[in-house]
Amino acid sequence: MAQGSLVEGLLTLWHAYRVPILVILFTALLVSRTIGITGSKSKAASAFSNPTSPRSHSPEKSEKAQLDDARDRPAPAPTPADAPKAAAAGPKRVSGKKPAKVAGRRAGAEPAPQLSAIQPIVFFASLTGTTEQYAKVLMEELTTAAKDQADAENPERGILPPQLQDISYLDFDDFFTTAPKPPPNSPGTRYLYCLLIPTYNIDTVLTTFLGHLDETHNDFRIDTGSLSTLAGYTVFGFGDKEGWPTEDEGFCSQAKELDRWMAKLTGRKRAYPLGFGDVKSDGEAALKEWSRGLQDIMRDILDYGGLGEGVPGSGDALESDEEDVDDEESGKSNKNGRKRGKPQAVVDLEDIKMGAGDSGSAAPIPVDFTTGGQSAPSTQSTEKEMVPKTSPTYASLTKQGYTIVGSHSGVKICRWTKSALRGRGSCYKYSFYGIRSHLCMEATPSLSCSNKCIFCWRHGTNPVGTTWRWKVDSPELIFDGVKDGHYKKIKMLRGVPGVRAERFAEAMRIRHCALSLVGEPIFYPYINGFLDLLHAEHISSFLVCNAQHPDQLETLHRVTQLYVSIDASNKESLRKIDRPLHRDFWERFQRCLEILREKRHVQRTVFRLTLVKGFNVDDEVKGYADLVEKALPCFVEVKGVTYCGTSSSAGAGLTMKNVPFYEEIAEFVVSLNKELERRGLDYGIAAEHAHSCCVLLASERFHVDGKWHSRIDYQRFFELLEKENADGTSFRPEDYMRETEEWAMWGNGGFDPNDERFYRKGKKKALEAAATEAATDAATEF
């Protein structure tokens, strides 16, 4: 009875607490099992493996697989410290550093073979056979070049004999989807495509060909730079100027389109500018001239191993303006997924900015403030360089594209040079004096100056001083250096979109030198020797000085044209604008004007007025007229200042409000001309270049038979100069003047009609809309 009561009590207790009891038992079982598994893993790891880097565990392996690997790997036997380590059995372990990537190839890949040979391939398309004949002419030219460049010991080097391909019979994928690979026996060979095509206004194989290039570029499966392994490409187009007189009307339009697509597919590897030939006039002659330039470039590619991408002005995406005005790809991602920056704006000399970070932290350069008379000889070491290669000045100038020659000279390509090469117009010197910008070299034999003008782009970063206290380089060293630097920079422009082949060829012969880059040219002790070297090669000389070195100005030999910067009409304005270092700056200025008056019948003398609104414009017309009356220059250039936009200029009180509009420049010139007429001085408004905001006043000495003659007969100048050097026969500026072009005269704008005015996106439409609105308003008034 008692036993039954006990069993009944246990059953009652079980029914009451069975759920908690089951939960406790299940939890205890789970905990004990988890502890047992963890302990076995820890024991296995300590018994069979060494500590490893996290990189040695592949994320794809399961925990069980890693455990099995550890169990299968035997424990390493102890070895002496200096014994070589044997290759470990089992899976490879990652240890040490990752191999560094080598620029231009993947880590571990074989380096690309060095370029040793160029294989030209001449492609042509022809319906009537004319272009095929021209292609054979080019083949002969390149075959001759290959023979001249052949390496007798190694025939696989140099320029190889060209190959000829008819586009009509090609499978485009073989040549224009991917570039052909070099032959196995000559891995250093690179192909250069020369494409000769006519232009038709009907559907031909060219239509299909251009469509293929379009599809290839826009095919997401194909690299946008699929032809970038080429050494380069170049295009020559044939057209008919009788049917299509201009490029806007369709002359060589398909060649221009082909050049654009090839630029995209090759990564802008334009080896030589696009060439044009008229089949009814100069087709073969233009092709041969273009071929000679191409051959020079092929030799350069062999010498330097490539086209020179990345060199300032070389034509890469960040240097060459937009490939096409309507090309919006500058904001898209390139093949590496990085966004390509917008094309850099091309700026004039006076527009260059020097940020605060470029100024350097060097101590101020000591200045010798003289009081007048002859400059005292420097007592400092003459071996000190004006611009050492380790100086912040050298770094700043070279970063901006300057080539520093020797220790105190420099050369740089002007933005107008690129503009002229592309047929977009030359600077004001072409309108006024007949200097084509792509034939002009801008250089200086002295980077130092004795002024610190408020509108100067340098803002104190260049050397300053009133006496020469530096090492002096020879005129020959400077002359050879600036020429070499100029030509190298011109060659780097061959890949710039729109460069005309004939102008590129012309640019390889310097005809003019503007000694106005930076600094003070006549500060150089041997300036006359440098001028003699220029004239010996029939290079004209345009020299600009700042009217602070009368002794050097007085002893200056004859130049083609002599400029003096006249930045103010009175002493106080000159002090504020030019900020001269000489204490007797006004006396020096006046003496230079007297010397200019004495030279006016020997030299072509020019006043250059840079107008800064709020500084030297208001109520200063009479003051400028006083200066003109004193020096009686042959010409007076009036130009508006260009604002740099830097903190230094702002600190000097210069802002955008000080930049005059062209209408204000024109109004000032008219007022100055009236004041000169009132005084009985024979001057008149001869020419203008509105694009440069510049107007020219000229002496009536250059107004002959009712026409202005502001231009220069350069051939005549050198004939007279050689005669003067031979027998002492002097000559006057009137003896080598030429008539001013009609389009350059006052009231006609001054833009060469043979060039094409380039407008930024939207600007042309805005100007046209404004002109239409003005015409409508004028019509309404009547």
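Rules and cut-offs
Residues numbered from 1 in each chain as written. Predicted model: local features only at pLDDT ≥ 70, side-chain atom pairs only at ≥ 80, totals over all residues. Heavy atoms only, no water. Phe/Tyr/Trp six-rings, centres within 6.5 Å; stacked < 30°, edge-to-face > 60°. Helix = DSSP H or I, 4+ residues; strand = E, 2+ residues; numbered from the N terminus. Buried < 20%, exposed > 50% of the residue type's maximum accessible area, 1.4 Å probe, protein only. Lys NZ or Arg CZ within 6 Å of the ring centre and 35° of its normal. Patch = residues over 30% accessible without salt bridge, like charges linked within 9 Å, V, L, I, M, F, W, Y side chains within 5 Å. Areas by Shrake-Rupley, 256 points an atom, 1.4 Å probe, with all protein chains shown as cover. Salt bridge = Lys/Arg side-chain N within 4 Å of Asp/Glu carboxyl O. Core = buried A, V, L, I, M, F, W, Y, C linked by side-chain atoms within 4.5 Å. Contact = heavy atoms within 4.5 Å.

A.B. asks: I'd like a rundown of the packing of aromatic side chains, residues and numbers included.
C.D. replies: Across all of its chains, the model carries 31 aromatic pairs by this definition. Judged by centre distance (6.0 Å) and plane angle (70°), the rings of Tyr-433 and Phe-635 are edge-to-face. With Tyr-433 in helix H10 (residues 428-433) and Phe-635 in strand E14 (residues 635-640), this residue pair connects regions lying 202 residues apart in the sequence. Residue classification places Tyr-433 among the buried residues on the basis of a relative accessible area of 0%. Members of the aromatic cluster, each reached through a chain of ring pairs, are Tyr-428, Phe-432, Tyr-433, Phe-542, Tyr-563, Phe-635 and Phe-702. Taking NZ or CZ as reference, Lys-241 lies 5.3 Å from the ring centre of Phe-251, over its face. Across from the ring centre of Phe-731, 3.6 Å away, lies the NZ or CZ of Arg-558, which sits over that ring.

A.B. asks: Would you mind going over a nonpolar patch on the surface in detail, with residue names and values included?
C.D. replies: Among the surface-exposed residues, Leu-6, Leu-10, Leu-13, Trp-14, Tyr-17, Ile-21, Leu-22 and Leu-25 lie close enough to one another that they form a single nonpolar patch of about 820 Å² accessible area. Here Leu-6 shows up in helix H1 (residues 2-48).

A.B. asks: Break down the nonpolar core for me, with residues and values.
C.D. replies: The biggest cluster of nonpolar side chains holds 78 residues, and the ones touching the most others in it are Phe-607 and Leu-609. Among the elements that take part in this core, helix H16 (residues 585-599) stands out by supplying 7 residues, more than any other. In contact with Phe-607, other than residues within four places in its own chain, are Val-564, Ile-566, Leu-593, Leu-596, Leu-627, Val-628, Ala-631, Pro-633, Phe-635, Val-636 and Glu-637. Listed in part, the 38 residues of the second largest apolar core include Val-137, Leu-192, Leu-294 and Leu-302.

A.B. asks: Outline the environment of Lys-452, supporting the account with residue identities and numerical values.
C.D. replies: Note that Lys-452 resides in the loop between strand E9 (440-444) and helix H11 (475-491). A relative accessible area of 37% places Lys-452 in the partly exposed class. Between the C-alpha atoms of Lys-452 and Leu-581, which are 129 residues apart in sequence, the distance is 7.7 Å.

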